[in-house]
Amino acid sequence: MVDFKKDSWFYALIAAVLALIAILTPWGTADSGFGFDITGWLTGAVQYWGDPADMWVGAGLQAWTFGLTMMSIAALLLLSISTWKGKEWKWDWLIYVLAGIAMLIFPILALILEATEDAVIGFAPIGIIIAGCLSIAAFVIDKFVGGE
């Protein structure tokens, strides 16, 4: 039989890789009104028409999302790779749940509070939210699912 509790590090590894892929994709696109689209990333726009200072007005929560996602990726990668190599962590469940909550709450808040009318959501917020769900699933498996 499979010992899910012993393999919870694998779910954290998948969550970290998925979040890493997600931050390398666009946050979304929006119509500029000048005949081209603005491609938004987590901390700014690639194409922008107007005053450069206006580009950073709505990116405050996205910058927090980027920073906390990067810290979550680093923590999950460190934890899962060292667990895979045989080191046991006493508080691994805490890292799973904190990383998962950070990767769930901040992208959702950024989508709600910084949304524009004609924006199309990219893969970045969706991928980060899925990675947060996987990290919380690793917490649930590690804490509540009994092994053999």
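As a convention, each chain's residues are numbered from 1 in the sequence order in which they are written. Side-chain atom pairs in this predicted model are given and counted only at pLDDT of 80 or more, local residue features only at pLDDT of at least 70, and totals for whole chains, interfaces and linings cover all residues. Note: side-chain values were computed over all heavy atoms of the structure, leaving out hydrogens and water.

### A few points about the overall build of the protein
The helix count covers DSSP runs of H or I at least four residues long, the strand count covers runs of E at least two residues long, and both are numbered beginning at the N terminus. Along the backbone of the protein there are 4 helices and 4 strands. Of the regular secondary structure in the protein, the N- to C-terminal order runs α-β-β-β-α-α-β-α. We call a residue buried when its accessible area falls under 20% of the maximum for its residue type, exposed when it is over 50%, and partly exposed in between, using a 1.4 Å probe and counting protein chains only. Within the protein, buried positions represent 35% of all 148 residues. In this analysis, two residues are considered to be in contact whenever any of their non-hydrogen atoms come within 4.5 Å of each other. Long-range pairs, those at least 24 residues apart, make up 69% of the contacts in the protein between residues at least 6 apart in sequence. Note on areas: Shrake-Rupley, 1.4 Å probe, and residue coverage restricted to the protein chains presented here. Carbon and sulfur atoms make up 71% of the accessible area of the protein, which amounts to about 8,600 Å² in all.

### Some words on the packing of aromatic side chains
In this analysis, rings of Phe, Tyr and Trp, with Trp reduced to its six-membered ring, are considered paired at centre separations within 6.5 Å, and the interplanar angle assigns stacked below 30 degrees, edge-to-face beyond 60, and tilted for intermediate values. With the rule as written, the count across this model stands at 6 aromatic pairs. Taking the centre distance of 6.4 Å and the plane angle of 65° together, the rings of Phe 10 and Tyr 11 count as edge-to-face. The exposure class assigned to Phe 10 is partly exposed, which follows from its relative accessible area of 41%. Of the residues examined, Tyr 11 reaches a relative accessible area of 24% and is grouped as partly exposed. Each ring, one from Trp 91 and one from Trp 93, has its centre 5.8 Å from the other, and the planes form 45°; the classification is tilted. Every member of this aromatic cluster is reached through a ring pair, and the members are Trp 9, Phe 10, Tyr 11 and Trp 84.

### Overview of the pairing of strand S1 (residues 28-31)
Across the two faces of S1 the burial differs, with Gly 28 and Ala 30 buried and Thr 29 and Asp 31 not buried at all. Pairing analysis gives 4 bridges linking S1 to strand S2 (residues 37-41), with the strands arranged antiparallel. Paired with Thr 29 across the bridge in S2 is Thr 39. Here, strands pair whenever DSSP counts at least two bridges between them. Of the pairings in the sheet, the one linking S1 to strand S4 (residues 119-121) comprises 3 bridges and is antiparallel in character. When the bridges of S4 are listed, Thr 29 appears paired with Val 120.

### Regarding the environment of Ala 110
Looking at the element boundaries, Ala 110 is found in helix H3 (residues 92-113). Sequence spacing of Ala 110 and Leu 61 is 49 residues, and the spatial spacing of their C-alpha atoms is 5.6 Å.

### Digging into the side chain of Thr 83
Mapping Thr 83 onto the fold places it in helix H2 (residues 60-84). For Thr 83, a relative accessible area of 16% translates into the label buried. Those residues in contact with Thr 83 that sit more than four places away from it in its chain are Trp 9 and Trp 89.

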